[in-house]
Amino acid sequence: MRVCLMIEGQEDVTWDQWLALAAACEEHGFEALFRSDHYLSVEGRAERGTLDAWATLAGLAAVTSRIRLGTLVSPATFRHPSVLAKSALTVDHISGGRVELGLGAGWNEAEHRAFGFPFASTRTRFDVMEEQAEIVVRSFDEGSFSFVGEHYKIENLDALPKAVQRPRPPLVMGGMARPRSLAIAARWADEYNTVFVPPDEAGERREQWAAAWAEAGRDPAKLVFSVMTAVLIGADEAELRKRAERLAERRGVDADELLDGLRSNGICGTVDEVVERIHDYERAGVQRIMLQHFLHDDTDAVALIGREVIPRVR
């Protein structure tokens, strides 16, 4: 199992904290560090700030040497596809070929209204995402192309330089396994990522994805299927409880209810419990796990996963 760290950057993660998280991932064996791409707190905390996702990744690319870096995911509503492709390409060059691009339709209406981004109907946002996926992929590919869609027009573009990675930086798409998102991802994505599901449901979604991939004329044996889900870990029950209380206070919820929810739908427990849960996902066909770490100032938890979990699930 390939293990990545995923950070909700819009919940007041500072640059110094990003540096510490990236260093911990590099030191402790994580394959990649992903971050969300939001401009407002999704927990409704107006006092929390966020640094731009792609500017953050560019900075981290310059100070890391091993881990892969990516968004999970960049809303198609935030950027023109040519700008998005160029941002990813720039990080690819700075990092020496370690970038991944996560692309989604955008869902948080409040941040769109606040920052002046258009927020159309769900159908229109998916139409925009589909056009963006094609433009981004074709921008990465060799040679020139043109594109005429309902939302974008590209004329004889050969976007240079091309990426360091070959054949191109991976495009990650996904979500809740709805038919439209499955079809778009099956046509353009290199990886399908589903979110917040227990292992048995992850297995069901993998089967849906494999069927969509095959229907699009692609070999299901070559698919990459991943899950993003929350993680909370302790070296023992006392440490787990301490972290649960910290997270519960940050969210304004009950610690016992938080633990129950994470045990049901996430990855939560002592080291042995976390290892077994990850193996459950692996048995369900998950190839890569994105561990959503909410206590972003707690690099000790990152180190614990790296020392005690990753060697046992590789």
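Above: the structure in question.
Undergrad: Tell me about the overall build of the protein chain, residues and numbers included.
TA: Each helix and strand in the protein chain was counted, giving 11 helices and 12 strands. Against the compact-globule benchmark of 20 Å for 314 residues, the protein chain has a radius of gyration of 19 Å, which places it among compact chains. C-alpha atoms of the protein chain, sized along the principal axes, occupy 60 × 40 × 40 Å. Here the protein chain holds 314 residues, and 57% of them are scored as buried. Sequence separation of 24 or more characterises 71% of the internal contacts of the protein chain that already satisfy a separation of 6 or more. Summed over all atoms, the accessible surface of the protein chain reaches about 13200 Å², with 50% contributed by carbon and sulfur.

Undergrad: I'd like to hear about the pattern of salt bridges, residue by residue, with values.
TA: Overall, the coordinates contain 31 salt bridges when judged by the stated rule. Ionic pairing is found between Glu100 and Arg288, a salt bridge with its closest N-O pair at 2.6 Å. Within this pair, whereas Glu100 is found in strand β5 (residues 99-104), its partner Arg288 is found in strand β12 (residues 288-292), the two being separated by 188 residues in sequence. Glu100 sits in the buried class, given a relative accessible area of 3%. Of the residues examined, Arg288 reaches a relative accessible area of 0% and is grouped as buried. Several salt bridges share partner residues, and in doing so they unite Arg2, Glu31, Arg68, Glu100, Glu191 and Arg288 into one network.

Undergrad: For helix α2 (residues 53-63), give the residues involved together with the corresponding values.
TA: Taken together, the buried positions of α2 are Ala53, Trp54, Thr56, Leu57, Leu60 and Ala61. The arc enclosing the buried residues of α2, seen along the axis, measures out at 150 degrees, which places them on a common side. Facing away from the buried surface of α2 by more than 90 degrees, the exposed residues are Ala55, Ala62 and Val63. Of the surrounding secondary structure, the elements contacted by the buried residues of α2 are α1 (15-27), β2 (32-35), β3 (68-71), β4 (74-75), α3 (81-95) and β5. The backbone nitrogen of Trp54 lies 3.1 Å from a side-chain oxygen of the residue at the head of α2, namely Asp52.

Undergrad: I'd like a rundown of the side chain of Ser41, residues and numbers included.
TA: Checked against the element boundaries, Ser41 lands in the loop between β2 and α2. On the basis of relative accessible area, Ser41 is assigned to the buried category, the value being 10%. Of note is the side chain of Ser41, whose polar atom sits 2.7 Å from the side chain of Glu11. At 3.5 Å, the side chain of Ser41 forms a polar contact with the backbone nitrogen of Gly44. When residues no more than four places from it in sequence are discounted, the contact partners of Ser41 are Gln10, Glu11, Arg48 and Asn108.

Undergrad: Kindly report on a nonpolar patch on the surface, identifying the contributing residues and their values.
TA: A cluster of nonpolar side chains, Trp15, Leu19, Leu51 and Val63, forms an exposed patch at the surface whose accessible area comes to about 320 Å². Summarising the element assignment, Leu51 is placed in the loop between β2 and α2. We classify Leu51 as partly exposed; its relative accessible area is 35%.

Undergrad: Any details on the nonpolar core? Residues and values, ideally.
TA: Leu33, Met173, Trp209 and Val309 are the most contacted members of the largest nonpolar core, which totals 78 residues. Examining the composition of this core, we find that eight residues originate from one element, helix α5 (residues 122-140), more than from any other. Setting aside anything within four residues of it in sequence, one finds Met173 in contact with Leu103, Met129, Ala133, Ile184, Ala185, Ala189, Glu191, Tyr192 and Asn193. Formed by 13 residues, the second largest nonpolar core is a distinct cluster that contains Ala255, Leu262, Cys268 and Leu295.

Undergrad: Can you explain the packing of aromatic side chains? Please cite residues and give values.
TA: Enumeration according to the criterion identifies seven aromatic pairs in this entry. Aromatic pair Trp209 and Trp213: ring centres 4.9 Å apart, planes at 80 degrees, arrangement edge-to-face. Linking Trp209 with Trp213, this pair stays in helix α7 (residues 199-215), spanning four residues, or about one helical turn. Using a relative accessible area of 3% as the deciding quantity, one classes Trp213 as buried.

Undergrad: Tell me what's going on with the pairing of strand β8 (residues 171-175), and back it up with residues and numbers.
TA: Where β5 and β8 come together, two bridges link them in parallel fashion. Each residue of the ladder has a partner; that of Gly102, found in β8, is Val172. Where β8 lies against strand β9 (residues 191-195), four bridges are found, and the strand directions are parallel. Counterpart to Gly175 in the pairing with β9 is Thr194. Once you follow β8 into helix α6 (residues 179-188) and on to β9, the crossover reads as right-handed.

Undergrad: Before we move on, can you summarise the environment of Gly143 with the specific residues and values?
TA: Looking at where Gly143 falls in the secondary structure, it is placed in the loop between α5 and β6 (145-148). Overall, Gly143 belongs to the partly exposed group, its relative accessible area being 30%. Along the chain, Gly143 and Arg283 lie 140 residues apart, while their C-alpha atoms are 41 Å from each other. Other than its neighbours up to four places away in sequence, Gly143 contacts Leu157, Asp158 and Lys162.

The rules behind the values
- Within any chain, residue numbers begin from 1 and follow the written order of that chain's sequence.
- This being a predicted model, a pLDDT of at least 70 is required before a residue's local features are given, and a value of 80 or more before pairs of side-chain atoms are given or counted; all residues contribute to the totals for chains, interfaces and linings.
- Only hydrogens and water are removed before side-chain values are computed, so all heavy atoms of the structure are retained for them.
- In this description a helix means any DSSP run of H or I spanning at least four residues, a strand means any run of E spanning at least two, and both kinds are numbered starting from the N terminus.
- As defined in this context, the radius of gyration uses C-alpha atoms, and a globule is described by 2.2 Å times the residue total to the power 0.38.
- Throughout this description, buried means an accessible area under 20% of the type-specific maximum (1.4 Å probe, protein chains only), exposed means over 50%, and partly exposed covers the range between.
- Here, residues are in contact when the closest pair of their heavy atoms is within 4.5 Å.
- Here the Shrake-Rupley method, with its probe set to 1.4 Å, supplies the accessible areas, and only the displayed protein chains count as covering residues.
- Salt-bridge detection follows one rule: a side-chain nitrogen of Lys or Arg within 4 Å of a carboxyl oxygen of Asp or Glu.
- Our arc is simply the arc of the directions from the helix axis toward the C-beta atoms.
- Pairing of N or O atoms within 3.5 Å defines a polar contact, subject to two protein rules: one partner must be a possible hydrogen donor and the other a possible acceptor, and residues neighboring in sequence count only if both atoms are side-chain atoms.
- Exposure above 30% relative accessible area and the lack of any salt bridge qualify a residue for a patch; like charges then connect within 9 Å, and the nonpolar side chains Val, Leu, Ile, Met, Phe, Trp and Tyr within 5 Å.
- We define the nonpolar core as a collection of buried residues of types Ala, Val, Leu, Ile, Met, Phe, Trp, Tyr and Cys that are connected through side-chain atoms lying within 4.5 Å of one another.
- Note on aromatic contacts: the rings of Phe and Tyr and the six-membered ring of Trp form a pair at centre separations within 6.5 Å, being stacked when their planes are under 30 degrees apart, edge-to-face when over 60 apart, and tilted otherwise.
- Strand pairing requires that DSSP identify at least two bridges connecting the strands.
- A clockwise path from the first strand over the helix to the second, with the strands pointing away from the viewer, defines a right-handed crossover.

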